[in-house]
Amino acid sequence: MDKQGGESRRIILHDPADFEGMRRAGRLAAECLDMIAAHVRPGVSTGELDRILHEFMLAHDAVPATLGYRGYTKSSCISINHVVCHGIPGERVLAEGDILNIDVTPLLDGWYGDTSRMFVAGEPSTKARLLMDVTYEAMMRGIAAAKPGNTFGDIGHAIQSYAERHRFSIVRDFCGHGIGRTFHAPPNVLHFGRPGEGPELKPGMFFTIEPMVNAGRAEVKILDDGWTAVTRDRSLSAQFEHMVGITETGCEIFTLSPAGLHKPPYA
């Protein structure tokens, strides 16, 4: 209880005016992913996708927050197949059937917009499609639990129970986070948990909900580059991420796709 109470005291409660800054940053982040959808296809390298995203952010008066962050050298994270998160774009060329998560964080006028979606190069396998669908729905169920009076445990439980019902596993090594004028801030937003546990949700809280769901076991390992996290059993992994703000009656999703491209397939 003391630990949870301490974390609650560190969580920033933003003013209503702050929502506008987050709306702009969140919309730009979503527009980045809307734009890149047309470029994801077999034969394209992840480095090329990163270059396109980098130029798009600069053209819209933003900078990529990941570039230079703790020594990270790219403007996005691109995680393919069994890569769970923090995949580093480079020479890897997409092959038919690859699934990939693209994660972007443009910094616009001092506000961080953080979101990710799954994409497919060509046609995915039946299992891959089911994994992506379940991961997206798990995230949305977590978001539905994000309202005043609930707790972060309610969010985690909604996500975990849905994913495990489909015999998938929730990655526990990574979590969502507070955000705003700071890239990463309290609280840690776990994607598993028990109803009623954790800090209470209050209006003005800004944070990400970004479950990582594995087709196999939940365990991950970090590669020698210090960033890339992969499934230990090399099973497929999927992730979606939205950035939300708690309102008086529920929550606002800052990173909804303006083009309606919420999950693959993207027309």
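The structure this text deals with has already been given above.
First, a word on scope: everything that follows refers to the structure included in this document. (Residues numbered from 1 in each chain as written. Predicted model: local features only at pLDDT ≥ 70, side-chain atom pairs only at ≥ 80, totals over all residues. Heavy atoms only, no water.)

**Some remarks on the environment of isoleucine 179**
Step number 1: Tracing the sequence through the fold places isoleucine 179 in the loop between strand S9 (176–178) and strand S10 (185–189).
Step number 2: A relative accessible area of 4% places isoleucine 179 in the buried class.
Step number 3: When the C-alpha positions of isoleucine 179 and serine 161 are compared, they lie 26 Å apart, and in sequence the two are 18 residues distant.
Step number 4: With residues near it in sequence (within four places) discarded, isoleucine 179 still touches His14, Met22, Tyr112, Asp114, Phe206, Phe207, Thr208 and Met243. (Helix = DSSP H or I, 4+ residues; strand = E, 2+ residues; numbered from the N terminus. Buried < 20%, exposed > 50% of the residue type's maximum accessible area, 1.4 Å probe, protein only. Contact = heavy atoms within 4.5 Å.)

**Quick look at the environment of methionine 139**
Step number 1: Tracing the backbone through its elements, the reader meets methionine 139 in helix H4 (residues 126–144).
Step number 2: Residue classification places methionine 139 among the buried residues on the basis of a relative accessible area of 1%.

**Quick look at the layout of surface pockets**
Step number 1: Roughly 520 Å³ of internal volume is contained in the largest pocket.
Step number 2: Surrounding the largest pocket, 25 residues form its lining, Tyr69, His86, Cys175, His177 and His184 being those nearest its centre.
Step number 3: In the lining of the largest pocket, the residues fall into 11 nonpolar, eight polar and six charged. (1 Å grid on protein atoms, 1.4 Å probe; cavity = no way out; pocket = protein on both sides within 12 Å on 5 of 7 lines; lining within 4 Å. Points joined across faces, edges and corners; volume = space filled by probe spheres on them. Nonpolar A, V, L, I, M, F, W, Y, C, P; charged D, E, K, R; others polar.)

**Regarding the sheet that holds strand S15 (residues 237–239)**
Step number 1: A sheet is described by the order of its strands in space; here three strands give the open sequence S8-S12-S15, paired in antiparallel fashion. Only two strands of the sheet have a single partner each, and these edge strands are strand S8 (169–170) and S15.
Step number 2: Alignment of strand S12 (residues 212–214) against S15, held across three bridges, turns out to be antiparallel. Looking across to S15, one finds that methionine 212 is bridged to glutamine 239.
Step number 3: Packing against the sheet, H4 makes contact with S12 and S15, and its axis sits at approximately 35° to S15. (Pairing = 2+ DSSP bridges. Axes fitted to C-alpha atoms, helices over the stretch in contact; angles between N-to-C directions.)

**Notes on the sheet that holds strand S14 (residues 229–231)**
Step number 1: In space, the three strands of this open sheet follow the order S3-S14-S13, with antiparallel pairing throughout. Every other strand in the sheet has two partners, leaving strand S3 (83–85) and strand S13 (220–222) as the edge strands with one partner each. With strand direction ignored, the average angle separating the axes of adjacent strands in the sheet is 40°.

**A few points about empty space enclosed by the protein**
Rolled over the atoms, a probe with the dimensions of a water molecule shows which regions are left empty.
Step number 1: One pass over the structure, following the stated rule, counts one cavity of 30 Å³ or more.
Step number 2: The space that makes up the largest cavity amounts to roughly 40 Å³.
Step number 3: If you go around the largest cavity, the residues you meet are Ser116, Arg117, Tyr136, Met139, Phe240, Glu241, His242 and His262.
Step number 4: Breaking the lining of the largest cavity down by element, the ones donating at least two residues are strand S7 (115–120) and H4.

**Considering the pairing of strand S16 (residues 242–246)**
Step number 1: With five of five residues buried, S16 is to be regarded as a mostly interior element.
Step number 2: Burial along S16 is two-sided: the face carrying His242, Val244 and Ile246 and the face carrying Met243 and Gly245 are both buried.
Step number 3: Here strand S11 (residues 206–209) pairs with S16 via four bridges, running antiparallel. Counterpart to threonine 208 in the pairing with S16 is methionine 243.
Step number 4: The pairing of S16 with strand S17 (residues 251–253) spans three bridges and is classified as antiparallel.

**Focus on H4**
Step number 1: A rise of 1.5 Å per residue sets the reference length of H4, with its 19 residues, at 27 Å; its end C-alpha atoms lie 27 Å apart and thus fit the reference within 8%.
Step number 2: For H4, the set of buried residues is Ala128, Leu131, Met132, Val134, Thr135, Tyr136, Ala138, Met139, Gly142 and Ile143. (Expected span 1.5 Å × (residues − 1).)

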